[in-house]
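Chains, contacts and geometry: an overview
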Amino acid sequence: VLEAESDHVNGYALGLKNYRSALSAAERAGSDAQRASVHDNLALIHLYNRNEFVPSKMHFDSAMFFAGRANDSILYYSTLEDYAEYYIHAGDPQRAIELGTRSLLFAERRHVLVLRRDATQTVALALRFAHQWPKAYDMLESYYRLRDSTYDASAREAILKRALLSEGKRRAISDSLASAI
């Protein structure tokens, strides 16, 4: 979408076209998980690009249906967290707190760090819009700790991958030189 906008193409229209094409492919493949994911993304496109609540809700409802049918709990609760964001924008922070908290509890029980981080941020924002300032503040502090730990974990993983790649190249060169002698 960003690339399309830089080429003076309507990124919103292009995004919708691409996701509708992906939805057709998911339907042909019969994949409930893919359908859920595409509907989730279509809902977010409608929500964040144009504040179009009716099509966004329709896609979120479909995403939840297909995520439930796919029997993929991480997909289900990740979609639920996105749906909580919808309710923040739609002006129903209480519903957002309810859905976000369900997603957060799942993420905590299953130790899904990225979902836990995202759900914590969503609940913090919903609490803020519900004027529950002390809870919002505490949740925001938790979010920052989780954000930093996910950043630290991904940075450590990238460093480890580079080190392993460098070690692999070093060994390949060493083996190549040893066989040449």
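Only a predicted model underlies this, so the values are computations on that prediction, with no experimental measurement involved.

Looking now at the environment of Glu81. Take Glu81: it is sitting in helix H5 (residues 73-89). The spatial distance from the C-alpha of Glu81 to the C-alpha of Ile97 is 9.7 Å, given a sequence separation of 16 residues.

With that settled, the discussion passes to helix H7 (residues 113-129). With 17 residues, H7 extends 24 Å between its outermost C-alpha atoms, agreeing within 8% with the 24 Å of an ideal straight helix rising 1.5 Å per residue. The set of residues buried in H7 consists of Leu115, Ala119, Thr120, Thr122, Val123, Ala124, Ala126 and Leu127. With its phi angle positive at about 60°, His131 sits one or two positions after the end of H7.

Moving on, we come to the packing of helix H3 (residues 32-50) against H5. Two packed helices can be described by the angle between their axes and the distance between those axes. Between H3 and H5, whose axes approach to 11 Å, the crossing angle comes to 15°. In terms of their interaxial angle, H3 and H5 are classed as roughly parallel. When the axes of H3 and H5 are compared, the crossing they make is left-handed. Two secondary-structure elements touch here, H3 through Ala33, Ala36, Asp40, Leu44, Leu47 and Tyr48 and H5 through Leu75, Thr79, Asp82, Glu85, Tyr86 and His89. A class-by-class count of the residues in the contact of H3 with H5 yields seven nonpolar, two polar and three charged.

Now for the environment of Gly68. Examined against the element boundaries, Gly68 turns out to sit in helix H4 (residues 53-70). Using a relative accessible area of 43% as the deciding quantity, one classes Gly68 as partly exposed. Distance from Gly68 to Ala36, taken between C-alpha atoms, is 8.7 Å for residues 32 residues apart in sequence.

Parameters and conventions
Residues numbered from 1 in each chain as written. Predicted model: local features only at pLDDT ≥ 70, side-chain atom pairs only at ≥ 80, totals over all residues. Heavy atoms only, no water. Helix = DSSP H or I, 4+ residues; strand = E, 2+ residues; numbered from the N terminus. Expected span 1.5 Å × (residues − 1). Buried < 20%, exposed > 50% of the residue type's maximum accessible area, 1.4 Å probe, protein only. Axes fitted to C-alpha atoms, helices over the stretch in contact; angles between N-to-C directions. Parallel < 35°, antiparallel > 145°, perpendicular 65-115°, else oblique. Left-handed = near helix turned anticlockwise from the far one by under 90°. Contact = heavy atoms within 4.5 Å. Nonpolar A, V, L, I, M, F, W, Y, C, P; charged D, E, K, R; others polar.

This is a description of form; function is not addressed.
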